[in-house]
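Residue-level structure breakdown
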Amino acid sequence: MRFRAKIVDLACLNHFSRIINTIAKLAKTCILRLTVCKLYFIVSDKVANGGASMWCELCQGNFFDEFQMEGVAAEHNEIYLELVPENLSRALKTAQSAKAVKIKLTNKHCPCLRVAVELPSLSSSSRIVTHDIPVGVIPRRMWSDFREPSVPDFDVSIYLPALKTMKSVVERMKNLSSFIVIEANLSGDMNLKIETDLVSVTTHFKDLGNPPWASEDGCQSSAQDRDVESMAEARIDIKKLQQLLAGQQVNPTKALCNIVTKRVVHFILLHEEVSLQYFIPAVA
């Protein structure tokens, strides 16, 4: 099992760093899955147990100048590592103006991701700062726990308003209640609501647009048989939503959410070469 990679381009490095920051804000620990073409950051708290889950996918070719890996076996050419994303985020913070960053899987006293940051220096020799980030190697028999989540058969799918706007609305509402109701219909309307014994507040968004989903067999999902005005809704933990909005350092070019009534809200944020999916379960 071997892995080494190198980033030289500063724009790629900063972009990668922002993605890791975003993930660190969403999860205390995550799984890093390495394949020949892609990196995945996965959090699979079982949504059924009330935990949010995440799936973030990056094409390595868009970030790394060099990328070599050998998985656990020829027919299973992948590596699964458990790590604390905050540790990786901290290591990359020292690389703001680096000439290059090398990442390598090592095993001195325990398995580690070694992040070596080459900093510019005035003399001819360069300064190298290394960070060893402990990781756990996930055995092959457990890989199936970290499969890509399927897109739920949603009632409504809708584009999100500007995330900054949504974030400021949610931050104000967070002071009034621990839960928020997201409701939307197929006419591009979305409401964010909180209702407590003392107060009821609703923010309305109009004309957001609904993504054109088609399933594999060419027919639309169950959403298409709905009355376009009728609202699908789910009540979720407002902190989990705020975490997602506050953690965003990658301005997505497209952001949408799928609502399965009273079951789950599934967010998809797309940015050129990165896709991030986030599932927040509904609460009764």
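The rules we used
Residues numbered from 1 in each chain as written. Predicted model: local features only at pLDDT ≥ 70, side-chain atom pairs only at ≥ 80, totals over all residues. Heavy atoms only, no water. Helix = DSSP H or I, 4+ residues; strand = E, 2+ residues; numbered from the N terminus. Rg over C-alpha atoms; globule rule 2.2 N^0.38 Å. Buried < 20%, exposed > 50% of the residue type's maximum accessible area, 1.4 Å probe, protein only. Contact = heavy atoms within 4.5 Å. Areas by Shrake-Rupley, 256 points an atom, 1.4 Å probe, with all protein chains shown as cover. Lys, Arg positive; Asp, Glu negative; His and termini not counted. Charge placed at Lys NZ, Arg CZ, Asp CG, Glu CD. Polar contact = N/O pair within 3.5 Å; in protein donor to acceptor, adjacent residues only side chain to side chain. pLDDT = per-residue confidence, 0-100. Phe/Tyr/Trp six-rings, centres within 6.5 Å; stacked < 30°, edge-to-face > 60°. Lys NZ or Arg CZ within 6 Å of the ring centre and 35° of its normal. Pairing = 2+ DSSP bridges. Axes fitted to C-alpha atoms, helices over the stretch in contact; angles between N-to-C directions.

Before going further, it helps to examine the overall build of the protein. If you tally the helices and strands in the protein, you get four helices and 18 strands. For the protein, the C-alpha radius of gyration of 21 Å lies close to 19 Å, the compact-globule estimate for 284 residues. Taking the principal axes of the C-alpha coordinates as reference, the protein spans close to 65 × 45 × 30 Å. Across the 284 residues that make up the protein, the buried fraction comes to 48%. Excluding contacts between residues fewer than 6 apart, the proportion of contacts in the protein whose partners are at least 24 apart in sequence is 64%. Accessible surface, the protein as shown: approximately 14,200 Å² in total, 49% of it carbon and sulfur. In the protein, 33 positive and 31 negative side-chain charges are present, and the distance between their average locations comes to 10 Å.

Quick look at the side chain of His266 now. Positionally, His266 belongs in strand 17 (residues 264–271). A polar contact is formed between the side chain of His266 and the side chain of Gln277, at a distance of 2.8 Å. Aside from chain neighbours lying at most four places away, what touches His266 is Val151, Pro152, Leu256, Cys257, Asn258, Gln277, Tyr278 and Phe279.

Looking now at the confidence of the model for the protein. For the protein, the mean per-residue pLDDT works out to 89, and 94% of the residues sit at or above 70. The weakest mean pLDDT in the protein belongs to helix 1 (residues 10–26) at 91; the strongest belongs to strand 12 (residues 179–184) at 97. Note on residues 216–220: pLDDT under 50 across the span, and four contacts to partners over four residues away in sequence or across chains.

On to the packing of aromatic side chains. Enumeration according to the criterion identifies seven aromatic pairs in this entry. Pairing Tyr40 with Trp55 gives two aromatic rings, centres 5.3 Å apart and planes at 50°, and the pair type is tilted. Of the two residues, Tyr40 is situated in strand 3 (residues 38–44) and Trp55 in strand 4 (residues 53–59); the sequence distance between them amounts to 15 residues. Each ring, one from Tyr80 and one from Phe146, has its centre 6.4 Å from the other, and the planes form 40°; the classification is tilted. A residue pair is termed long-range when its members are at least 10 positions apart, and Tyr80 in strand 6 (residues 79–83) and Phe146 in the loop between strand 10 (136–137) and strand 11 (156–159) qualify at 66 residues. An aromatic cluster is defined as three or more aromatic residues linked by ring pairs; in this entry it consists of Phe3, Phe16, Phe63, Phe64 and Phe67. A cation over an aromatic ring shows up here: Arg33 above the ring of Tyr40, its NZ or CZ 4.4 Å from the ring centre. Across from the ring centre of Phe179, 4.3 Å away, lies the NZ or CZ of Arg235, which sits over that ring.

A few words on the pairing of strand 3. Summarising burial for strand 3: five of the seven residues are buried, a large majority. In this structure, strand 2 (residues 30–34) lies alongside strand 3, joined through four bridges in antiparallel fashion. Bridging from a neighbouring strand, Leu32 pairs with Phe41 of strand 3. The antiparallel hairpin formed by strand 2 and strand 3 contains three residues in its connecting segment. In the sheet, strand 3 pairs with strand 4 via seven bridges, with the strands oriented antiparallel. In the strand pairing of strand 4, Ile42 is matched with Trp55.

Sheet architecture is open: four strands sit in the order 14-13-12-15, paired in antiparallel fashion. Only two strands of the sheet have a single neighbouring strand rather than two, namely strand 14 (200–205) and strand 15 (232–237). In this sheet, adjacent strand axes meet at a mean angle of 20° when their direction is disregarded. Pairing of strand 12 with strand 13 (residues 190–195), which is carried by four bridges, proceeds in the antiparallel orientation. Each residue of the ladder has a partner; that of Val181, found in strand 13, is Lys193. Helix 3 (residues 163–174) rests against strand 12, strand 13 and strand 14 of the sheet, and its axis sits at about 10° to strand 13. Sheet strands in contact with helix 4 (residues 238–246) are strand 12, strand 13 and strand 15, and its direction is about 90° off that of strand 15.

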